[in-house]
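So the chains spell out like this:
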Amino acid sequence: MARLPLRNRQGRQRTELRLIPKMANRLVTFVKRRQGFFRKLTELCILCGAEAAAIVFSPTPARNLYSWDHPSVDAIVDRCLLGQNVGPVRDTRRGKGRS
């Protein structure tokens, strides 16, 4: 019985992470990904009861500020700065050890 050659499967490819050269394309990507990021934070807070805050500056020269919070950015930042009810900080980036 002859073996069939393996098919070259395209599937989903990884996108190379680099700065998008065209400003118009960069802004469209920023808006879409910002909305998706805030949606994921909402899901995390609702499903797990987590408290979260995010502050994002746009890539435009005006550097517009976008924030998302649950319950509020001020409350979460104050809590972190004052060290109230804050456990140890854990570095969850890939390739880093656990603290």
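Residues numbered from 1 in each chain as written. Predicted model: local features only at pLDDT ≥ 70, side-chain atom pairs only at ≥ 80, totals over all residues. Heavy atoms only, no water.

Attention now moves to the confidence of the model for the protein chain. On average, residues of the protein chain carry a pLDDT of 82, and 84% of them reach 70 or more. Looking across the protein chain, the model is least confident in helix H2 (residues 73-82), with a mean pLDDT of 82, and most confident in helix H1 (residues 23-48), with 93. (pLDDT = per-residue confidence, 0-100. Helix = DSSP H or I, 4+ residues; strand = E, 2+ residues; numbered from the N terminus.)

Let's shift gears to a nonpolar patch on the surface. On the surface, a nonpolar cluster with roughly 320 Å² of combined accessible area is contributed by Ile55, Phe57 and Leu65. Here Ile55 shows up in strand E1 (residues 52-57). (Patch = residues over 30% accessible without salt bridge, like charges linked within 9 Å, V, L, I, M, F, W, Y side chains within 5 Å. Areas by Shrake-Rupley, 256 points an atom, 1.4 Å probe, with all protein chains shown as cover. Salt bridge = Lys/Arg side-chain N within 4 Å of Asp/Glu carboxyl O.)

Bringing the nonpolar core into the picture now. Listed in full, the eight residues of the largest apolar core are Phe30, Phe38, Leu41, Cys45, Ala52, Ala54, Val56 and Trp68. Top element by residues in this core is H1. It accounts for four residues. Those residues in contact with Phe38, other than ones at most four positions away along the chain, are Ala54, Val56, Tyr66, Ser67 and Trp68. (Core = buried A, V, L, I, M, F, W, Y, C linked by side-chain atoms within 4.5 Å. Buried < 20%, exposed > 50% of the residue type's maximum accessible area, 1.4 Å probe, protein only. Contact = heavy atoms within 4.5 Å.)

Two numbers describe a pair of aromatic rings. These are the distance of the centres and the angle of the planes. Under the counting rule described, the total for this entry stands at two aromatic pairs. When the centroid spacing of 5.8 Å and the interplanar angle of 40 degrees are considered together, the rings of Phe37 and Phe38 count as tilted. For Phe37, a relative accessible area of 40% puts it in the partly exposed group. Over the ring of Tyr66 we find Arg34; its NZ or CZ atom is 4.0 Å from the centre of that ring. (Phe/Tyr/Trp six-rings, centres within 6.5 Å; stacked < 30°, edge-to-face > 60°. Lys NZ or Arg CZ within 6 Å of the ring centre and 35° of its normal.)

The α-helix advances 3.6 residues per turn, and as a result positions three or four apart in sequence lie on the same side. Here H1 is 26 residues long and its end C-alpha atoms lie 37 Å apart, about the 38 Å a rise of 1.5 Å per residue gives. When we look at burial in H1, the residues that qualify are Arg26, Phe30, Arg34, Gly36, Phe38, Leu41 and Cys45. Buried residues along H1 sit against E1 and strand E2 (65-70). Positive backbone phi, approximately 70 degrees, marks Gly49, located one or two places after H1. (Expected span 1.5 Å × (residues − 1).)

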